Amino acid sequence: MTLSMGLQLFSVRDELAKDYFSTLKRIASIGYKNLEFFIHDADKEMKIEGLVAKDLKNRLDELGLKAISMHVSPLTDEIIEEAIAYNLELGSGGIGCSIAFFSNKQEVLEFSKTLNKYGQMCKEKGLDFYYHNHFQEFQKFDGEHVLDILLENTDPELVKLEFDAYWTLRGGVDPVDYLKKVKERCKIIHQKDMPSSTNPVNVFESIDENAVIDFDAFIPFSQPEYFTEIGDGMMEVSEIIKTAKEIGSAEYILVEQDLTTRNQLESIEISYKNLKKMLNE
């Protein structure tokens, strides 16, 4: 399977807030074709820029852009139904759970049931359902990584992994090794890069691994100085690409620049050029 490039639009959220469609036009001019959207206030309205899905799709078609998936939060039974309908009309291929936090193994097991339910609802309509990791999924409960518990207790046919290579490394795990471990579960890769000045790389060297990791505990590790553009940092992105291609199940590798010290559009252009070169090597 070909590994195609794309962009998670969260990378340019500030630019989108200024002028959504001018930003999409700029994204298209850089060379991006495949977009992952986000709706982080889905409890208010299942629309993007106030548009119903049909109208948004028309705007994307005009720019030569395609919606491949969408992060939706919060997720509830009612919201997932609305999200499925919106994504189907948009022509998107799937819905992703963007972030979650757990304080014990039982919470992971209960959430796994919810993920299976939403995955089943998506599959029945022809959509994929993804779980996207950060570093906290590499905390251990009863000696086992949270992400391993999640994957073991969800149906591979219902819940796919949207693998964030950067946050895996920050969780103290080699992204290449973990990709080899999860194999076909990974359908989408999120990629950014890490400055060589990041110290420690492994978050769990600076916090108690038994601590409760919530959003407040997460924020100190999500600062601009801990991120850089693909190819400008110390991550072995070419090895991640090589491994993904060998496994052959991942369809997309998406630039997801959580934060940057640069202008967001400048940032994604640098990553585009460097990632495109790596994919063609």
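Above: the structure in question.
Residues numbered from 1 in each chain as written. Predicted model: local features only at pLDDT ≥ 70, side-chain atom pairs only at ≥ 80, totals over all residues. Heavy atoms only, no water.

Draft legend 1. Structural detail: the overall build of the protein chain. Looking only at helices and strands, the protein chain features eleven helices and ten strands. Its C-alpha atoms give the protein chain a radius of gyration of 18 Å, near enough to 19 Å, the size a compact globule of 281 residues would have. Overall, the C-alpha framework of the protein chain stretches about 50 × 40 × 35 Å when taken along its three principal axes. Counting every position in the protein chain, which comprises 281 residues, the buried fraction comes to 54%. (Helix = DSSP H or I, 4+ residues; strand = E, 2+ residues; numbered from the N terminus. Rg over C-alpha atoms; globule rule 2.2 N^0.38 Å. Buried < 20%, exposed > 50% of the residue type's maximum accessible area, 1.4 Å probe, protein only.)

Draft legend 2. How the structure looks around the sheet that holds strand β9 (residues 186-191). One closed barrel holds the eight strands; their spatial order is β1-β2-β3-β4-β5-β8-β9-β10, and the pairing between them is parallel. Strand-to-strand, the axes of this sheet are offset by a mean angle of 30 degrees, without reference to chain direction. Pairing between strand β2 (residues 34-39) and strand β3 (residues 66-72): six bridges, direction parallel. Each residue of the ladder has a partner; that of N34, found in β3, is K66. The strands touched by helix α8 (residues 175-182) are β8 (160-164) and β9; relative to β8, the strand with the most contacts, the crossing angle is about 175 degrees. (Pairing = 2+ DSSP bridges. Axes fitted to C-alpha atoms, helices over the stretch in contact; angles between N-to-C directions. Contact = heavy atoms within 4.5 Å.)

Draft legend 3. Examining the packing of aromatic side chains more closely. Inspection of the entire model under this criterion finds 19 aromatic pairs. When the ring of Y166 is compared with that of W167, the centres are 5.0 Å apart and the planes differ by 90 degrees; the resulting orientation is edge-to-face. Grouping residues by exposure puts Y166 and W167 together as buried. Pairwise contacts between aromatic rings join F101, F135, Y166, W167, F204, F215, F218, F221 and F227 into one cluster. A cation over an aromatic ring shows up here: R13 above the ring of F10, its NZ or CZ 3.8 Å from the ring centre. (Phe/Tyr/Trp six-rings, centres within 6.5 Å; stacked < 30°, edge-to-face > 60°. Lys NZ or Arg CZ within 6 Å of the ring centre and 35° of its normal.)

Draft legend 4. Examining unusual backbone geometry more closely. Backbone torsion omega between S73 and P74 reads -5 degrees, so that peptide bond is classified as cis. Within the element layout of this structure, P74 appears in the loop between β3 and α4 (77-90). With an omega dihedral of -5 degrees, the bond running from N199 to P200 counts as a cis peptide bond. Its identity is not glycine, yet E49 carries a phi of approximately 55 degrees, on the positive side. Locating E49 in the fold gives a position in the loop between β2 and α3 (53-63). On the basis of relative accessible area, E49 is assigned to the partly exposed category, the value being 47%. You will see that D142, though not glycine, has its phi angle at about 55 degrees, which is positive. Looking at the element boundaries, D142 is found in the loop between β6 (140-141) and β7 (144-145).

Draft legend 5. Representation of the nonpolar core. Among the nonpolar cores identified, the biggest contains 90 residues, and L9, L24, I27 and F37 are the most heavily contacted of them. Discounting residues that sit within four places of it in the chain, F37 has contacts with Q8, L9, Y20, I48, L56, L60, A67, S69, M70 and H71. Listed in part, the five residues of the second largest apolar core include I68, Y130, I188 and Y252. (Core = buried A, V, L, I, M, F, W, Y, C linked by side-chain atoms within 4.5 Å.)

Draft legend 6. Structural detail: the pairing of strand β5 (residues 128-132). Within β5, four of the five residues are buried, leaving the element largely enclosed by the surrounding structure. In this structure, strand β4 (residues 94-97) lies alongside β5, joined through four bridges in parallel fashion. Following the sheet pairing, C97 is matched in β5 by Y131. In this structure, β5 lies alongside β8, joined through three bridges in parallel fashion. Residue pairing across strands places H132 opposite E162, the latter belonging to β8.

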